[in-house]
Amino acid sequence: PTSRRPPSSARTSTLRPPLVPAIKTESKTLVADLLSKLLEGTQFAERKGAAYGLAGLVKGLGIGSLKQLNIMPTLTEAVQNKKNYRHREGALFAFEMLCLMLGRLFEPYIIHVLPHLLMCFGDGNNYVRDAADCTARAIMQKLSAHGVKLVLPSLLQAIEDDSWRTKIGSVELLGAMAYCAPKQLSSCLPSIVPSLTGVLADSHIKVQTAGAHALRQIGSVIKNPEIQIIAPTLLEALADPASHTAAGLQALLDTAFVHMIDAPSLALIMPILERALDQRSTDIKKMGCQIMASMYTLTDHKDLSPYLAAVMPGVKSSLLDPLPEVRGVAAKALGAMVKGHGDESFAELMPWLLEVLTSESNTVDRSGSAQGLSEVLGAQGLTKLEEMMPTFVAAAQQTEVAAHYRDGYLMLFVYLPVTFGDAFIPFISDVIQPILKGLADEAEYVRDTALRAGQRIINMFAETSVAIFLPELENGMFNEHWRIRHSSMQLLGDLLYCLSGVTGKMTTEGDEDDGFGTETSQKAILEALGNERRNRVLAGIYMGRSDVALLVRQAALHVWKVVVANTPRTLREILPTLFQLLLGCLASTSYDKRQVAARTLGDLVRKLGERVLPDIIPILERGLSSEESDERQGVCIGLTEIMASTSRDQVMQYVDSLVLTVRRALCDDLPKVRKAAAQTFDRLHSTIGQQALQQILSPLLNMLAEEEGDASAHALDGLQQVMAVKSKDVLPFLIPKLTAPPVNSRALALLASVAGESLTRHIGRILQALLDAIGSAPDAAAEAKELINAELLVLSIEDDFGVQTVIDELLAACKHQLPARRKAAASLLQAFAARTEEDILNYVPQLMRGLLQLFADPDAEVVAAAWGALSAVTKTLSPPDQQAFVVPLRQALKFVADDAVGGLLPGFCLGPKKGIAPILPMLREGLLNGAPELKEQAAACMGEAITLTTAESLKSSVVPIAGPLIRVLGDRYVWSVKVAVLEALRILILKVGAVLKPFLPQLQTSFLKSLHDANRSVRQHASSALQCLVSLHTRVDPLFTELHNGIKNVDDQAVRETILQALRGVLMNAGAKMSEGLRKPLTATLVSMLANADDEIRYGACVCIGAMCTVTPADELSALVRGNLLEAGASSDWTRRHGCALALAEATSQSCQAMEDVGLRGDVVATGQAHAQSDRVPVCMAGVKCLGHLWAHSAKSGGASKPVETAVRTTLAACLEHNSGEVRVAAARSIRRAARAGSLPVSDVAAITPPLVSNSREKSSPAKIAADLALVSLLKLRSGDACYQAVVSKLDGTAATHLQEVYKRSLSRLAQQEDVDDDDDGDSGSFA
């Protein structure tokens, strides 16, 4: 192999830079020769020497010669030559020597050389790799700070390259940076070591090996002796963090540092710390924070600066660790970092700490933030704390913010004392108030934090700052909030424990007066507090034993037992101070304070007995004369507790003074004193029994009767307060006295209103007394006053039995004979239903029946009161309940409708804003949301209610009534629902008429739709409703058009029949409004139907033609009758004849006078006679009917004696002898019609009587009945027997005899009966 020896110094000295000027002219030749030897030489020494010579020549010529002599391009090309390793190696020799000889002058070219150098680190030739290593060392050794900045990014980026050889090259270059100057090394190591640490986990083993070697290179330049010793351990921690991090940290903690830690040492330590702070293990995080806190005493702060950004997230995370020890160490580290680097390096730290301090996440985060903030403030100094403390104090007391906000700031007061020590003493007075307020917070965790803060302050400053916070704790023992009292008691106990040197953690089980304290501890407390303050503190603790809150009592008892050795002796020592506090609390405005004082007073009486009672009772009696109401109230509370704590014998010794005191208190000016006195009366009555009732309540009743003004009102309220607490015993004593005439209704009502369940047994008696008082009131004002008192009574009922009793009593009173009594009962029912909180659902049917009966009451005031009561009852019903009571409502309405005068119910006729309003919501609910059966009931009930109401009273309810009815009619429901709805709408139209005009289109559409319904009943009701509706129309043509189209186009004959029926009614009511253009085609259609094969259709067309004749002009009428009704007399089609005959009969019935006016009478009579003589019974009956109408019209107009009427009479008489019974019935009815229309000549009567008598003598048959009725009308028997006698005289013997027989047998009896119009249009057809 070629020798690798270095060149001799003699050879290299020939090209020393100072010689270059002498050979400058030969420089180009020399450079070419040197490059040739460098790249092509076979001897190592020769090539190495050429590199030295080239570097020296360049140094002598100047840096510009690299470009001028084409040196760098030649070397760059050589280093990239893949075929000849000597070229690559020679180029690296040259780069190495250029770096060594030129130093920083060569730095601009290093950035271009670096990529080639990286490639050579992975070269396949060992010589090239060795040369690359030497070159890298030379480059790093000569790099300036600026050069490091140029090189380092490229190397770090190369580590991320996919090629493992490139990675190795960059790693080795980074390792070579260990040979940089110390200043440059310190600036680049924070970036190098983490990258190298990452390489240790690379998948390629050679990359890992290169990384480890690079780290060892860095470790080899460490100058700190202590770090040099543990460097292998640290490198293992870097190489395998999972296994050796803890060992590395422990090695650092165990090392006693004597020398400062240099930058290379930090480069090994800080990545370990960074990883330690990010691990889950609390021990590792704790060690990491400890090391971080210690770093600032062992190294230059500037060397640590590059690592702050990497370490700070781990320190923050450790600050929020669940383990308190970790949080504490992390806070110390944070304080050390702020102290070492100053505020400027941590601009975002304080905002972050304050944000976490008030975060809602959890208490642990807030605690860590508070601890860290305390340490940061400690690092910033006392001045910063003075600046921030007002903000902290104000924030801790804010009540309008969330609880976690206050909790965070209160936590500061836990840690600030520890951080600042005695320097915090001036701030204690500021933080006591926020702490005490926090002790009363609604949030438990806030109270816990406040208690910890208080305990921390007391434990640290108990002996030095007693005068600062003891007054606050004394006030806290008597605070309004029991939580503050509880916490103040705990803190006061901690203070006393610190002063006395005992522990408060001992058990204090045993009797409440057992003492576990020692004389020594009591002396210590006395020396620290002084006698006066010590007595006041112990007196407050003793009163706390009787607190209204259990936790306060327990805390006070525990503190008392721990610090007091002998309870009786201590009580005697503090008794004056205790009694002073008791009197002050009895006079307090605070209810809790008065209760605590009273309980303590009772406790003293139990313990000291007769020794204090003679002194206490007189003092309390004098207190009742105090100007302060709170003191008077406190006296009553104290007396109550004293009586509860003493025996009956002791109470009896002072009974006279106690009775007088209680009686005075019950009449006190202020309600709260009277209320407290009632409790005292309760205790006194429990002790002395009936004597208290007689000696206290009787005088109060006398005051009610004898005095007026405030005294009477106070006595009444006193009795009321007594009733509230002792009604079971007091009510039987008071009721007989109060119900005796004259009744004091106000006293009775007020006392009964607070009697509770005890009132139920006496409610009937009291209610009767109040109703008597209402009935006997002298005027309306007095009656209203008595009524208010009665309302107070009924509204005080709170049990089911009482509710039933009140309703039964009041409904019974609704039937009383006195109107005033009925009105009062209805008014009370209204108040009870509207304002009671009890459930009256089960009594609603009963109430509806009773109140609806009052709707028909003759007294208007009673009716108005009943209306209001029913309205109040129905307003209490929910929608489902409203549906449930629709059927009971209808039943009650049917029952009361029989008593309606003139078909109207007065309760529904009170005015436009009342009407049926009480029951309308129920009916609407049933109609809209009920089951089909319920809808039918609701619609029917609505129609019945409308019938009983005036139009004026219905006006305001038209929309609420019509809307639901139309809506239901438009849906698909069973026929019975539609029938009920149609009937209700028909009744409403008849009642209110024009008020329904806004609903005209909807109603018409709905009725027309119902005319086509499959059910006949629905169609008939729709027809009736439409006939009523048409009277509201101003433009009827569209309606007639619809009906016309219906009768032409409908295939169902039953539907067509109903439409014809509707058309007839519409023609009768509004035919005159129809236009001529519509009237003529409609008439033609009707005429065409006269020959219809269906009897009902034929009859429908006939009656429609009859109605049409009433609205047809004279010329059209003449043409219609002559052209269509008279000519058909000889028609061979008997159905056509029948239709014409029926139509002529209907026309005669409706328009006889009009036909007579146009000269048709003779033709009509002739045609009618022809029809009456027809062999077809239906045609014959139609002719008889026509003749009957003609004779009736003549009788009515006084022309019955005309020859034409004689012919009519003769024809009718002949028909009475017809073979068909139907014809004889029709003839009898026609004669009766004529007889009822006017007076007939006796001769005509006599002529027609025998055929009638003949029919009347038949056995029971329709013809006999019709003949009897005709004879009664014909002979005017209901007006007397004059006509009858005249006819008898004109008849021959046999006919007269037969008439007399019929008269005796049936006519005389029928004459006594009311004349009933049984004449219908069904003789010749019907719409049945």
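Residues numbered from 1 in each chain as written. Predicted model: local features only at pLDDT ≥ 70, side-chain atom pairs only at ≥ 80, totals over all residues. Heavy atoms only, no water.

Draft legend 1. Looking closely at the overall build of the protein chain. Along its length, the protein chain carries 69 helices and zero strands. The long-range share in the protein chain, meaning contacts at least 24 apart out of those at least 6 apart in sequence, stands at 72%. (Helix = DSSP H or I, 4+ residues; strand = E, 2+ residues; numbered from the N terminus. Contact = heavy atoms within 4.5 Å.)

Draft legend 2. Inspection of the pattern of salt bridges at higher detail. Scanning all chains against the criterion turns up 29 salt bridges. Asp33 is paired through a salt bridge with Lys37; the nearest N and O atoms lie 3.6 Å apart. Taken as a pair, Asp33 and Lys37 lie in helix H2 (residues 27-40) at a separation of four residues, close to a single helical turn. The exposure class of Asp33 is partly exposed, given its relative accessible area of 35%. On the accessibility criterion, Lys37 (24% relative accessible area) is partly exposed. (Salt bridge = Lys/Arg side-chain N within 4 Å of Asp/Glu carboxyl O. Buried < 20%, exposed > 50% of the residue type's maximum accessible area, 1.4 Å probe, protein only.)

Draft legend 3. Focus on the packing of aromatic side chains. Summed over all chains, the structure comprises eight aromatic pairs. Plain terms: the ring middles of Phe855 and Phe908 are 5.4 Å apart, the flat faces sit at 85° to each other, and that makes the pair edge-to-face. On the criterion of sequence distance, the pair formed by Phe855 in the loop between helix H45 (844-854) and helix H46 (860-875) and Phe908 in the loop between helix H48 (886-897) and helix H49 (920-929) is long-range, its members being 53 residues apart. Residue Phe855 is classed as buried on the basis of its relative accessible area of 0%. Given a relative accessible area of 0%, Phe908 falls into the buried group. Taken together through their ring pairs, the aromatic side chains of Phe392, Tyr405 and Tyr409 make up a single cluster. Above the plane of the ring of Trp352 lies Lys316, whose end atom (NZ or CZ) is 4.8 Å from the centre. In this structure, Lys914 is placed above the aromatic ring of Trp867, and the distance from its NZ or CZ to the ring centre is 5.3 Å. (Phe/Tyr/Trp six-rings, centres within 6.5 Å; stacked < 30°, edge-to-face > 60°. Lys NZ or Arg CZ within 6 Å of the ring centre and 35° of its normal.)

Draft legend 4. View of the confidence of the model for the protein chain. Looking at the protein chain, pLDDT values average 79 and 85% of them are 70 or higher. By mean pLDDT, helix H1 (residues 9-13) is the weakest element of the protein chain at 37, and helix H50 (residues 932-947) is the strongest at 91. (pLDDT = per-residue confidence, 0-100.)

Draft legend 5. Expanded view of the nonpolar core. In terms of nonpolar packing, the biggest core is built from 204 residues, with Phe908, Leu996, Phe1007, Leu1026 and Leu1252 touching the most fellow members. In contact with Phe1007, not counting residues within four places along its chain, are Leu969, Leu982, Leu985, Ile989, Ala1022, Ala1025, Leu1026 and Leu1029. Core analysis: the next-biggest nonpolar cluster, separate from the first, contains 163 residues, Met389, Ala403, Tyr497 and Val562 among them. (Core = buried A, V, L, I, M, F, W, Y, C linked by side-chain atoms within 4.5 Å.)

Draft legend 6. Structural view of empty space enclosed by the protein. Throughout the structure, instances matching the rule amount to six cavities of 30 Å³ or more. In this structure, the largest cavity is lined by 15 residues; those nearest its centre are Met477, Phe478, Arg485, Asp547 and Val596. Of all the elements in the fold, those that place two or more residues in the lining of the largest cavity are helix H27 (482-500), helix H29 (531-544) and helix H32 (591-608). (1 Å grid on protein atoms, 1.4 Å probe; cavity = no way out; pocket = protein on both sides within 12 Å on 5 of 7 lines; lining within 4 Å. Points joined across faces, edges and corners; volume = space filled by probe spheres on them.)

Draft legend 7. Molecular detail of the packing of helix H54 (residues 1000-1011) against helix H56 (residues 1037-1049). Where H54 meets H56, the closest approach of the two axes is 12 Å, and the angle between their N-to-C directions is 15°. Overall, the two elements H54 and H56 adopt an arrangement that is roughly parallel. The element H54 and its partner H56 pack so that their crossing is right-handed. When H54 is examined against H56, the residues Gln1004, Leu1008 and Leu1011 are found in contact with a partner set consisting of Leu1039, Glu1042 and Leu1043. A class-by-class count of the residues in the contact of H54 with H56 yields four nonpolar, one polar and one charged. (Axes fitted to C-alpha atoms, helices over the stretch in contact; angles between N-to-C directions. Parallel < 35°, antiparallel > 145°, perpendicular 65-115°, else oblique. Left-handed = near helix turned anticlockwise from the far one by under 90°. Nonpolar A, V, L, I, M, F, W, Y, C, P; charged D, E, K, R; others polar.)

Draft legend 8. The arrangement of helix H62 (residues 1161-1172) in detail. Helix length check: H62, at twelve residues, gives a terminal C-alpha distance of 16 Å against a target of 16 Å (1.5 Å per residue), a fit within 8%. Buried within H62 are the following residues: Arg1161, Val1164, Val1165, Thr1167, Gly1168, Gln1169, His1171 and Ala1172. (Expected span 1.5 Å × (residues − 1).)

Draft legend 9. Representation of the environment of Pro858 within the structure. Along the chain, the position of Pro858 falls in the loop between H45 and H46. Relative accessible area serves as the criterion here: at 80%, Pro858 is assigned to the exposed category.

Draft legend 10. Quick peek at the side chain of His1033. Looking at the secondary structure, you find His1033 in the loop between helix H55 (1016-1029) and H56. A distance of 2.5 Å separates a polar atom in the side chain of His1033 from a polar atom in the side chain of Gln1004. Leave out the neighbours within four places in its chain, and His1033 touches Leu1000, Gln1004, Leu1039 and Lys1073. (Polar contact = N/O pair within 3.5 Å; in protein donor to acceptor, adjacent residues only side chain to side chain.)

Draft legend 11. Local environment of the state of the cysteines. Taken as a whole and judged by the stated rule, the model has zero disulfides. Free of any disulfide, Cys1104 has its nearest neighbouring cysteine sulfur in Cys1102, separated by 9.2 Å. (Disulfide = S-S within 2.5 Å.)

Draft legend 12. How the structure looks around the packing of H56 against helix H57 (residues 1053-1070). Where H56 meets H57, the closest approach of the two axes is 9 Å, and the angle between their N-to-C directions is 150°. Taken together, the axes of H56 and H57 are roughly antiparallel relative to one another. In the crossing of H56 with H57, the sense of the turn from one axis to the other is left-handed. Taken together, the residues of H57 that come into contact with H56 (itself represented by Leu1039, Phe1040, Leu1043, Gly1046, Ile1047, Lys1048 and Asn1049) are Arg1056, Ile1059, Leu1060, Leu1063, Val1066, Leu1067 and Ala1070. Partitioned by chemical class, the residues of the contact of H56 with H57 number ten nonpolar, two polar and two charged.

Draft legend 13. Highlighting the environment of Met1181. As for its placement among the helices and strands, Met1181 is situated in helix H63 (residues 1177-1197). C-alpha separation for the pair Met1181 and Ala1141, spaced 40 residues apart in sequence, amounts to 8.9 Å.

Draft legend 14. Inspection of the environment of Val431 at higher detail. Assignment of secondary structure puts Val431 in helix H24 (residues 428-439). By relative accessible area, Val431 is classed as buried at 0%. As a C-alpha pair, Val431 and Gly454 span 23 residues in sequence and 9.1 Å in three-dimensional space. When neighbours within four sequence positions are excluded, Val431 is seen to be in contact with Met389, Val393, Phe413, Phe424 and Ile457.

Draft legend 15. Quick peek at helix H28 (residues 519-529). All buried positions along H28 are accounted for by Ser521, Gln522, Ile525 and Leu529. End-on, the buried residues of H28 take up no more than an arc of 100°, which puts them together on one face. When the buried face of H28 is taken as reference, the exposed residues oriented beyond 90 degrees from it are Thr520, Lys523 and Glu527. Looking at the buried residues of H28, the elements they touch are helix H26 (466-477), H27, H29, helix H30 (550-563) and helix H31 (567-586). (Arc of directions from axis to C-beta.)

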